[in-house]
Amino acid sequence: MSLVVNNITKCFSDFAALNDVSFQAEPGEFLALLGPSGSGKTTLLRLLAGLDQPDTGTVEFDGADYLKLSARDRRIGMVFQSYALFRHMTVAQNIAFGLNVRPAKDRPSKAEIAATVQRLLKLIQLEDLGKRYPSQLSGGQRQRVALARALAISPRILLLDEPFGALDALVRKDLRRWLRKIHDETGVTTIFVTHDQEEALDLADRVVVLKDGKIEQIGKPLELYRHPQSAFVFEFLGTSNEVPATVTDGVASFDGFTAPAVSPKALSGAQTVRFRPFDAQLSPTGPGFEAKVLSLLPAGSSLRLELQTPDGKVFETQHAHESEASDLKLGDTVFVRPSKVYVF
Amino acid sequence: MKVRAPEAPKSFPALVLLAFAVLWMALVILLPLVNVLAEAFKQGVQPYLSSIVQPDALSAIRLTLLVAGIAVPLNAVFGIAAAWCFTRFDFPLKGLLLSILDLPFTISPVISGIVWVLLFGAHGWFGAFLQAHDIKIIYALPGLVIATILVTLPFVARELIPLMQDQGTDEEVAAVTLGASGWDVFFRVTLPNIKWALTYGVLLCTARAMGEFGAVSVVSGHIRGLTNTLPLHIEVLYNEYDSVGAFAAATLLAGLALVTLVLKSLLEWRFADELAAHRRH
């Protein structure tokens, strides 16, 4: 029961929103489509739901050609960014909608529908709010109702468009855990779209990184983090600092010191290398890149520094509170040595 | 959104403005209304009633209700269809078509009548054809209906378009992904979402359809007891110096207008919460 997407291309007038996109979602998998706005992720979701048709390519589910099916017949549960709850219906009526509109021969009895609604209300922990209208709910509650409504039709696949986009940070974190739990309980293949890399890495089994309508990389969160295939993926997943270096056989040489270099391909010679804020060591003397402390911010469990080199370049580094960085003051001069770099 | 409650006027200019507004309204709305009633009952209740139940008056009432009864449902259906097209699809010349939809608002009703005479009258484009087949449009019920339809065309559509634009298509798309047929989407999602705006538009449309004078006057031919609607009937009586009859009939029209107004206010009052909730959502 896997979903196979092959060579999908979709153009709007002469702009290619999706360019030769192929990926596969395994049964029960939780997949994230991650990319900045304009990367084509929402277009891809709409194609899967049947709300748009691709120019070329195939979408197969369990061996069946899905592009031949209309949105109505795909049985894909979709949770919209705006939730799109039916405003004139109660929460219970919203959840029951997909069952009520089935043709008479496939429609469950009234009692069965009521039982399903009760079960789902319990699942989303809103048992007492079945009679409320969407306008009487908070954002997080609406989101959960939208999810229950999509689950009511026993979807083959669940699609979520920026599921946490409209919520505040605290609710967001809570709902994230909860969504993962629901997914694990129901076992339905889930694909969600997000532009938030933290959300994608935290939640998904695998992440599909999109850029300008093309897939940059597909992989498990840790894989993406440890072995980014492109500078885009590296930079999109977190803060990045750039420095020049000479690379030979997986080692980056700087003026007076070296660091291991991770690269998807064998590169050598003069290169721009990148390092993460926490892959940096500071010391009061050289060798290293000389820099002045521009700002010192306690960022939760660690200390975040902004350092400026004499030629104006700014590094961002991160250190433990109890480290060489904790004694620094604004304006101090330090030497920055990357301890691990990435080359693309 | 909370709106700050307006306060009672305190300053002198505010009081002057208020007094002017009240006086002006009394002068141009209340005074004529009182005058209509006073003239209608000038000779007592008996003459008033007898001028209402005379056959020509009753026939005018029937005809007015019949014309509105045909024109309003047709315009309601057209209004829904037009609003659907304008808010759910993109097509060339959409802006131009939207402006044309407003033409009946801006054009003189006399012209809305004359165009039909030019098309279907004895010397019109289709005049010879209609005569040959013995079809009567001008100076008959069909003419009254199409003239009324033209004049009241935009009322329902104009109420629905901004609302449907505002509501967007998300709910309809969601309904489709949940397996709803086009029929289900319309009757379970679209229609319930626009029902109050639709009712409102139909009310306005009805009031205008029953009160229409200019366009109807041109195509009617003023045949007493046959093609005179209530407004035309009033004019005929007035021209014959039957002021009690004219004003008695006028009270009926004014009454219809008041009923419409009351219904409209009731609607706004009863469903204020729901309408506000729609906008908040």
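What counts and how
Starting from 1, residues in each chain are numbered consecutively following that chain's sequence as written. For this description, chains carry letters from A and ligands carry numbers from 1, given in the order in which they are written. Restriction of local features to residues with pLDDT of at least 70 applies here, the model being predicted, together with a cutoff of 80 or more for giving and counting side-chain atom pairs; totals for whole chains, interfaces and linings are based on all residues. Values shown for side chains rest on all heavy atoms present in the structure; no hydrogens or waters enter the calculation. By definition, any uninterrupted DSSP run of H or I lasting at least four residues is a helix, any uninterrupted run of E lasting at least two residues is a strand, and each is numbered from the N terminus. Classification of residues uses two cut-offs on accessible area relative to the type maximum, computed with a 1.4 Å probe and protein chains only: under 20% is buried, over 50% is exposed, and between them is partly exposed. Accessible surface is estimated by sampling points in the Shrake-Rupley manner with a 1.4 Å probe; for residues, cover comes only from the protein chains shown. When charges are tallied, Lys and Arg are placed among the positive residues and Asp and Glu among the negative ones, while His and the ends of the chain are skipped. One atom stands in for each charge, and that atom is NZ of Lys, CZ of Arg, CG of Asp or CD of Glu. Here the expected length of a helix is defined as 1.5 Å per residue gap, with one fewer gap than residues. The quantity called bend is, for any residue, the angle between two axes fitted respectively to the seven residues ending at it and the seven beginning at it. Cavity and pocket criteria rest on a 1 Å grid covering protein atoms alone: a 1.4 Å probe that fits but cannot get out defines a cavity, protein on both sides within 12 Å along at least 5 of 7 lines defines an open pocket, and an atom within 4 Å of a point defines a lining residue. Grid points are joined across faces, edges and corners, and a volume is the space filled by probe spheres set on the points. Ten residue types, Ala, Val, Leu, Ile, Met, Phe, Trp, Tyr, Cys and Pro, are classed as nonpolar, four, Asp, Glu, Lys and Arg, as charged, and the remainder, Gly among them, as polar. A strand pair is defined by DSSP finding two or more bridges across the two strands. Here, residues are in contact when the closest pair of their heavy atoms is within 4.5 Å. Accessible surface is computed with a 1.4 Å probe, and the buried area is the amount of it that two parts give up when combined, taken over both parts together. For this analysis, a salt bridge means a side-chain nitrogen from Lys or Arg found within 4 Å of a carboxyl oxygen belonging to Asp or Glu. Definition of a polar contact: a pair of N or O atoms within 3.5 Å, with one able to donate and the other able to accept a hydrogen when the atoms are protein atoms, and with sequence-neighbouring residues admitted only if both atoms are side-chain atoms. Where each domain starts and ends comes from a domain assignment, either automatic or drawn from a database.

### Brief notes about the overall build of chain B
In terms of helices and strands, chain B carries 15 helices and 0 strands. A principal-axis box enclosing the C-alpha atoms of chain B has dimensions of 70 × 65 × 30 Å. A buried classification covers 40% of the 281 residues belonging to chain B. Per element, the accessible surface of chain B, about 15800 Å² overall, is 72% carbon and sulfur. Positive and negative side-chain charges of chain B, numbering 17 and 19 respectively, have mean locations separated by a distance of 5 Å.

### Comments concerning helix α11 (residues 182–211) of chain B
Side chains that are three or four residues apart share a direction in an α-helix, a result of its 3.6 residues per turn. Taking 1.5 Å of rise per residue, the 30 residues of α11 of chain B would be expected to cover 44 Å, yet its terminal C-alpha atoms sit only 37 Å apart, more than 12% below that figure. When the local axis directions of α11 of chain B are compared, the greatest deviation, roughly 55°, occurs at K195 of chain B.

### Structural notes on empty space enclosed by the protein
Enumeration over the complete set of coordinates arrives at 5 cavities of 30 Å³ or more. Taken as a whole, the largest cavity spans an internal volume of roughly 50 Å³. Lining the largest cavity, in full, are R87 of chain A together with R88, Q167, G168, E171, E172, V189, T190 and N193 of chain B. Looking at the lining of the largest cavity, the elements that each hand over two or more residues are α10 (170–177) and α11 of chain B. In terms of residue count, α11 of chain B provides more of the lining of the largest cavity than any other element does, 3 residues in total. In the lining of the largest cavity, the residues fall into 1 nonpolar, 4 polar and 4 charged.

### What to know about the pairing of strand β2 (residues 15–25) of chain A
Residues and elements named next belong to chain A. Taken together, the 7 bridges between strand β1 (residues 3–12) and β2 define a ladder with antiparallel strand orientation. Residue pairing in the sheet places V5 in a bridge with F23 of β2. Joining the antiparallel neighbours β1 and β2 is a turn of 2 residues, in which S13 adopts a positive phi near 45°.

### Looking at the interface of chain A and chain B
Opposite the 23 residues of chain A that make contact, chain B presents 20 residues. Both faces combined, the contact of chain A with chain B buries some 2100 Å², and carbon together with sulfur accounts for 61% of it. Ranking the residues of chain A by area buried against chain B places R72, R87 and H88 of chain A at the top, with a combined share of 35%. Put simply, chain A and chain B have 1 salt bridge between them. Here E171 of chain B makes a salt bridge to R87 of chain A, at a shortest N to O gap of 2.6 Å. Counting the contacts that link chain A with chain B gives 5 residue pairs in polar contact (both at pLDDT 80 or more). Elements represented by at least two residues in the side of chain A that touches chain B include exactly β6 (76–79), α2 (91–100) and α4 (139–152) of chain A. Looking at the side of chain A that touches chain B residue by residue, the classes come out as 14 nonpolar, 5 polar and 4 charged.

### Some thoughts on the domain arrangement of chain A
Residues and elements named next belong to chain A. Structurally, chain A comprises domain 1 (3–234) and domain 2 (239–343). For domain 1 and domain 2, the distance between their C-alpha centroids amounts to 39 Å. Each partner contributes residues to the interface: domain 1 has 7 residues there, and domain 2 has 8 residues. Each partner contributes to the roughly 720 Å² buried at the junction of domain 1 and domain 2, and carbon and sulfur atoms together form 63% of this total. The three residues of domain 1 that bury the most area against domain 2 are Y225, Q229 and F234, which together make up 72% of that side's buried surface.

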